[in-house]
Amino acid sequence: MGAGKSTIGRLLAKELRLPFKDSDKEIEQRTGADIPWIFDVEGEQGFREREQAVICSLCESDGLVLATGGGAVLRPQNRQALRNCGRVVYLHASVEQQIDRTARDRNRPLLRAPNPGQVLADLLAIRDPLYREIADVIIETDERPPRMVVQEILERLEALAPR
Ligand SMILES: Nc1ncnc2c1ncn2[C@@H]1O[C@H](COP(=O)(O)OP(=O)(O)O)[C@@H](O)[C@H]1O
Ligand SMILES: O=C(O)C1=C[C@@H](OP(=O)(O)O)[C@@H](O)[C@H](O)C1
Ligand SMILES: [Mg+2]
């Protein structure tokens, strides 16, 4: 959360002239409700079910940039679908930057806690190995404006051997 997936994904898609999808937006559209509502009414597991359905269906299309939510890697089915369907970019941010970038937003239910910094640190400890397991490239986003992050992604993807 706050690594910049939604922001960078949209910019990257524009550069690549590809359609852009954000799994969180897609979940909201398909559900007809926002993410806090889904967490409140269906719990995190209800949200994860919806997330898996959306990611696995979007991974069937070719030629798009997909930004997932930060917890998408928790399910092995999602990791496999992402790995199989294209290149995976892990946008890394320090917990300090995550805190700064998410502080004003009220739409991340997992951060509605007394100490969101501790939540982010705990989640990163669990998820970092999962991100690394599926990433083709890992990009540092701390102290780098979105345009610079996009340029680095393009260069790093270009340098990869064709699949
Ligand atoms: N590289 C960056 N530098 C500074 N601010 C950023 C950067 N990437 C994203 N942001 C800002 O951080 C906030 C969260 O970004 P977002 O794209 O929603 O992250 P994610 O989808 O990974 O949770 C937004 O306000 C966005 O403008
Ligand atoms: O990390 C998570 O578990 C989540 C991240 C959010 O997306 P972003 O990573 O785009 O903020 C969103 O999917 C939901 O609030 C859960
Ligand atoms: Mg996002």
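Definitions and limits used
Residues numbered from 1 in each chain as written. Chains lettered and ligands numbered in written order. Predicted model: local features only at pLDDT ≥ 70, side-chain atom pairs only at ≥ 80, totals over all residues. Heavy atoms only, no water. Near = heavy atom within 4 Å. Polar contact = N/O pair within 3.5 Å; in protein donor to acceptor, adjacent residues only side chain to side chain. Areas by Shrake-Rupley, 256 points an atom, 1.4 Å probe, with all protein chains shown as cover. Helix = DSSP H or I, 4+ residues; strand = E, 2+ residues; numbered from the N terminus. Nonpolar A, V, L, I, M, F, W, Y, C, P; charged D, E, K, R; others polar.

Undergrad: Got a sec to walk through the site of ligand 2? Specific residues and values, please.
TA: Lining the immediate environment of ligand 2, one finds 13 residues, of which K5, D24, R48, R108 and R127 sit closest. In this structure, an oxygen atom belonging to ligand 2 sits 2.8 Å away from a side-chain N or O atom of D24. Contacts to ligand 2 include R108, whose side-chain N or O atom sits 2.7 Å from an oxygen atom. A total of 380 Å² of accessible area belongs to ligand 2 in isolation, and the protein chains cover 96% of it. Ranked by residue count, the leading element in the shell around ligand 2 is helix α3 (residues 35-58), at 3 residues. Residue classes in the shell around ligand 2 are distributed as 5 nonpolar, 3 polar and 5 charged.

Undergrad: I'd like to hear about the site of ligand 1, residue by residue, with values.
TA: As a structural note, the neighbourhood of ligand 1 is formed by 13 residues, with G2, K5, T7, R108 and R144 the closest of them. G2 places a polar main-chain atom, nitrogen or oxygen, 2.8 Å from an oxygen atom of ligand 1. In the model, an oxygen atom of ligand 1 is placed 2.8 Å from a nitrogen or oxygen of the K5 side chain. For ligand 1, the accessible surface in isolation is 560 Å², of which the surrounding protein chains cover 73%. If one sorts the elements of the shell around ligand 1 by residue count, helix α1 (residues 5-16) sits on top with 3 residues. Partitioning the shell around ligand 1 into residue classes produces 4 nonpolar, 5 polar and 4 charged.

Keep in mind these numbers describe shape, not what the thing actually does.
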